[in-house]
Structures are given as C-alpha cells and as structure tokens.
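Chain residues, written in single-letter form:
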Amino acid sequence: MPTNDKDFKAKLGTLPIAHQRHVAAQFVQRVFPLSNDFRLKAALELALRVDVPDVELAAAYQTANTARVESFTRCGKETDWTAQAGHFVAKAAVACVRPAAEGEFGNSSLAWEAAMSARMARTCEAVATGEGTENSEAEEQYRILTAFLNS
C-alpha cells in the first residue's frame, strides 16, 4: 500500500488508461455526494466500464465539462465552500473521462488529477462545515488503489 503521495502517484502512473479511469472513478464516487449532478454520475458510471468506445468517452467528457463550467459559475465571486466542493467533484469527474493527452498536470495520470480534485472537494467540505482541513481522503485513496491492485 502506498504510504505517501510520491509512491501513490508513481503507482497510478503505471496503470493502463482504462484502469486509471476505473480507479479515478472510485476516488470520485467517495466525494460525489458533494455534487449529486446526474451528468457527473453518468460520466463516473462510464469510467467504471471496460473497453468504452472513444466516441462515448468524448460525449461524456463534453457533458461532464459543461457541468464543471456551470459549477464554477455557481461558486460566484464570494466563496461558497459547499459550491466550491461541488466544483471540485465536477473537475475530478471530468478527469475520469477526459482524453488521455489533455491532462492538466502535464504528463501525470488522469487518476492523479482526479485524486487531487477529490481531495480538494473534501477540503472544501471540511471548511464549509467548520471542521477545518484535516481529512483522511489521501489514506482512503491509498486503500482504494491497493484494493484495486490486489484484485
């Protein structure tokens, strides 16, 4: 099991793209209740499937990206931490179905991108509820990856 982000990122980067999508979708499912946008749910369900045609991924990417843009617009100029959490869920879902060559973090994996956005969603939730920024999302992601690798 990875015990730090360096190992976690390295292990994610070795996965084939279909497996990255699957693990990434599992990361996002943990924070999905912070959004509940049905368009994102459909993208996550698609990312969990094996051998998804490129045309379906492209359509899911477009739809999820529209949800991401709309969630950003809802955040407004004043920070609403709950809305911000929903935006990061949308951003993580977009990473699950985005074309592999379009990563925000350069050459890193789409699973890493989804993991980081899911963590940001959890952090926003913690701030919104007044719990501070302590959370165990990283450890849960390490556990998810380990379970996937062992299956």
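Please refer to the structure higher up on the page.
Predicted model only: the values in this text are computed from it and were never measured.

This part is about the overall build of the chain. Per the secondary structure count, the chain includes seven helices and zero strands. For the chain, the residues scored as buried account for 45% of the 151 residues in total. For the chain, the share of sequence-separated contacts (at least 6 apart) that also reach a separation of at least 24 residues comes to 65%. When the accessible surface of the chain is split by element, carbon and sulfur atoms take 53% of a total near 7,900 Å².

Okay, the packing of aromatic side chains next. In total, this model carries three aromatic pairs according to the counting rule given. The interplanar angle of 55° and the centroid separation of 6.1 Å between the aromatic rings of Phe 8 and Trp 112 together place this pair among those described as tilted. One end of the pair, Phe 8, is in helix 1 (residues 5-14); the other, Trp 112, is in helix 6 (residues 110-128), and 104 residues separate them in sequence. Using a relative accessible area of 0% as the deciding quantity, one classes Phe 8 as buried. In this structure Trp 112 comes out as buried when scored by relative accessible area, which is 10%. A ring pair is formed by Phe 8 and Tyr 142, whose centres lie 5.0 Å apart and whose planes are at 55°; its orientation type is tilted. One end of the pair, Phe 8, is in helix 1; the other, Tyr 142, is in helix 7 (residues 137-150), and 134 residues separate them in sequence. According to the relative accessible area criterion, Tyr 142 is buried, its value standing at 6%. By the ring-pair criterion, three or more aromatic residues cluster together here, those being Phe 8, Phe 27, Trp 112 and Tyr 142.

Let us look at the side chain of Gln 20. Relative to the elements of secondary structure, Gln 20 occurs in helix 2 (residues 17-31). In this structure Gln 20 comes out as buried when scored by relative accessible area, which is 6%. The contact partners of Gln 20, leaving out residues within four places of it in the chain, are Leu 12, Gly 13, Leu 15, Ser 109, Leu 110 and Ala 111.

Packed helices, taken two at a time, are described by their axes: the angle between them and the distance between them. Running from N to C, helix 3 (residues 38-47) and helix 5 (residues 81-97) cross one another at 35°; their axes reach a closest spacing of 9 Å. Handedness of the helix 3/helix 5 crossing: left-handed. Across the interface between the two elements, Leu 40, Ala 43, Leu 44 and Ala 47 from helix 3 touch Val 89, Ala 90, Ala 93, Cys 96 and Val 97 from helix 5.

Counting residues in each nonpolar core, the largest one holds 46 residues, and the members touching the most others are Leu 12, Cys 96 and Val 97. If you list the elements that add at least two residues to this core, you get helix 1, helix 2, helix 3, helix 4 (54-75), helix 5, helix 6 and helix 7. No other element matches the 10 residues that helix 5 contributes to this core. Once residues lying within four places of it in the same chain are set aside, the contact partners of Val 97 are Arg 21, Ala 43, Ala 47, Leu 57, Ala 60, Tyr 61 and Ala 64.

Rules of the game
Residues numbered from 1 in each chain as written. Predicted model: local features only at pLDDT ≥ 70, side-chain atom pairs only at ≥ 80, totals over all residues. Heavy atoms only, no water. Helix = DSSP H or I, 4+ residues; strand = E, 2+ residues; numbered from the N terminus. Buried < 20%, exposed > 50% of the residue type's maximum accessible area, 1.4 Å probe, protein only. Contact = heavy atoms within 4.5 Å. Areas by Shrake-Rupley, 256 points an atom, 1.4 Å probe, with all protein chains shown as cover. Phe/Tyr/Trp six-rings, centres within 6.5 Å; stacked < 30°, edge-to-face > 60°. Axes fitted to C-alpha atoms, helices over the stretch in contact; angles between N-to-C directions. Left-handed = near helix turned anticlockwise from the far one by under 90°. Core = buried A, V, L, I, M, F, W, Y, C linked by side-chain atoms within 4.5 Å.

Purely geometric numbers; function is a separate question.
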